[in-house]
Amino acid sequence: MLAGNNLSKSYSSGKALNNVTIHIPPGQICGLLGRNGAGKTTLFKILCGLIHPDAGQVTINSKRSKPVGGIIERPGLYNFLNAYDNIKIFAGIQGAPTDRLSIEQTLLKVGLPLDRKDPVRNFSLGMKQRLGIAIALINDPECLVLDEPFSGLDPIGVASLILLIQKLAAEENIAILLSSHMMGEISKCCHYLYVIEKGEIVNAGITNDLINQHITSFSITAANIAASSTLQHYQVEWGTNDARVSCTAKAIPSLLNELLKEGIEVTACTPVLTLEQLIKKAI
């Protein structure tokens, strides 16, 4: 379990965090969603013990040899070495086993191939992220914090990394906190969301509940959607093969049934939700 209670931090440029409280149970994935400069990285540095808060306390209930592992901003790799040697160096620094079997198990845990002998500088960004996570997992930490892990990845890379993070939480029972300014990616894998703005938590809740509470429109895709008479009763922004329909999450099942009755074959229905909507403080 990883928790930060009433954390505050100020710099000469201003207040980076203001009375932030956050809690991540074992086996759960929590998301920290916020714009660039909202305070995400400062919070992560405090949780990892890299900087001290001006007020508040970090609590990590752990019996493991390494309470918390993480990637802050970007993986710190030796780009002229291969993946195996990177793991070996960092394992040695952290007092972990450096035998071949242990290193290979670490690489396999994050889905990296054992036959890549070339320098890490040749790796894709997704592979570098996996190697960074592998290094963070050395010594079996209780908690894992990942700062902007999806930044720069293509959709395939994002989907693959999401599967890895979900697997680690479920199989290793690790408390995982990850941050992003991209809501679509972070909402797909997190059980719970915290929304941070100007150093304050302005919204929080179970991911599906929080999203459903703030959804005001859906993007509905169908080849013949323009022929719908049902949608004449809604406020709609028309696209080529889709329509952005203003309605609540509660209303969408009934709407989809009506479309089906009139022969509209819906191939996708996606909630439209912006970060700005979630940033608004809950009343």
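You'll find the structure just up there.
How each quantity is defined
Residues numbered from 1 in each chain as written. Predicted model: local features only at pLDDT ≥ 70, side-chain atom pairs only at ≥ 80, totals over all residues. Heavy atoms only, no water. 1 Å grid on protein atoms, 1.4 Å probe; cavity = no way out; pocket = protein on both sides within 12 Å on 5 of 7 lines; lining within 4 Å. Points joined across faces, edges and corners; volume = space filled by probe spheres on them. Helix = DSSP H or I, 4+ residues; strand = E, 2+ residues; numbered from the N terminus. Nonpolar A, V, L, I, M, F, W, Y, C, P; charged D, E, K, R; others polar. Pairing = 2+ DSSP bridges. Core = buried A, V, L, I, M, F, W, Y, C linked by side-chain atoms within 4.5 Å. Buried < 20%, exposed > 50% of the residue type's maximum accessible area, 1.4 Å probe, protein only. Contact = heavy atoms within 4.5 Å. Arc of directions from axis to C-beta. Axes fitted to C-alpha atoms, helices over the stretch in contact; angles between N-to-C directions. Right-handed = clockwise from strand over helix to strand, strands pointing away.

## Looking at empty space enclosed by the protein
- For the structure on display, the rule yields 1 cavity of 30 Å³ or more.
- Looking at the largest cavity, its volume works out to about 50 Å³.
- Surrounding the largest cavity, Ala83, Tyr84, Arg100, Glu104, Leu107, Pro113, Leu114, Arg116 and Lys117 form its lining.
- Among the secondary structure elements, those contributing two or more residues to the lining of the largest cavity are helix 2 (83-93) and helix 3 (100-109).
- For the lining of the largest cavity, the element with the most residues is helix 3, which contributes 3 residues.
- Looking at the lining of the largest cavity residue by residue, the class counts come to 5 nonpolar, no polar and 4 charged.

## A closer look at the pairing of strand 9 (residues 200-206)
- Across 6 bridges, strand 8 (residues 192-197) lies against strand 9 in antiparallel orientation. When the sheet's bridge partners are listed, Val195 is paired in strand 9 with Asn203.

## What about the nonpolar core?
- The biggest cluster of nonpolar side chains holds 66 residues, and the ones touching the most others in it are Leu131, Ile133, Leu144, Ile176 and Leu178.
- In terms of residue count, helix 5 (residues 155-172) provides more of this core than any other element does, 7 residues in total.
- If we skip the residues at most four places from it in the chain, Leu178 touches Ile29, Cys30, Gly31, Leu32, Phe44, Leu146, Pro149, Phe150, Ile165, Ile186, Cys189 and Cys190.
- Within the second largest apolar cluster, 21 residues are counted, among which are Ile22, Cys30, Leu47 and Ile72.

## Notes on helix 8 (residues 252-261)
- Among the residues making up helix 8, those that are buried are Ile252, Leu255 and Leu259. The buried residues of helix 8 occupy one face: seen down the axis, they fall within an arc of 60°. In helix 8, those exposed residues whose orientation departs by more than 90 degrees from the buried face are Leu260 and Lys261.
- For helix 8, the elements touching its buried residues are strand 10 (217-222), strand 12 (242-246) and strand 13 (266-272).
- Backbone geometry just downstream of helix 8 places Gly263 in the positive-phi region, at approximately 85°.

## Digging into the sheet that holds strand 11 (residues 236-238)
- One open sheet accounts for 4 strands, arranged 11-12-10-13; its pairing is antiparallel. The open sheet has two edge strands, strand 11 and strand 13, and neither has a second partner. In this sheet, adjacent strand axes meet at a mean angle of 20° when their direction is disregarded.
- As paired strands, strand 10 and strand 12 are joined by 5 bridges and run antiparallel to one another. Residue pairing in the sheet places Ser217 in a bridge with Ser246 of strand 12.

## Focus: the pairing of strand 7 (residues 175-180)
- Within strand 7, 6 of the 6 residues are buried, which leaves the element mostly enclosed by the surrounding structure.
- Of the two faces of strand 7, both are covered, the one formed by Ala175, Leu177 and Ser179 as well as the one formed by Ile176, Leu178 and Ser180.
- The sheet contact formed by strand 3 (residues 29-33) and strand 7 spans 5 bridges and is parallel. By the bridge assignment for strand 7, Leu32 is matched with Ser179.
- Relative to strand 7, strand 6 (residues 143-147) runs parallel, the two sharing 5 bridges. Across the sheet, the residue bridging to Cys143 is Ala175, located in strand 7.
- Each parallel crossover has a hand, and the one from strand 6 via helix 5 to strand 7 is right-handed.

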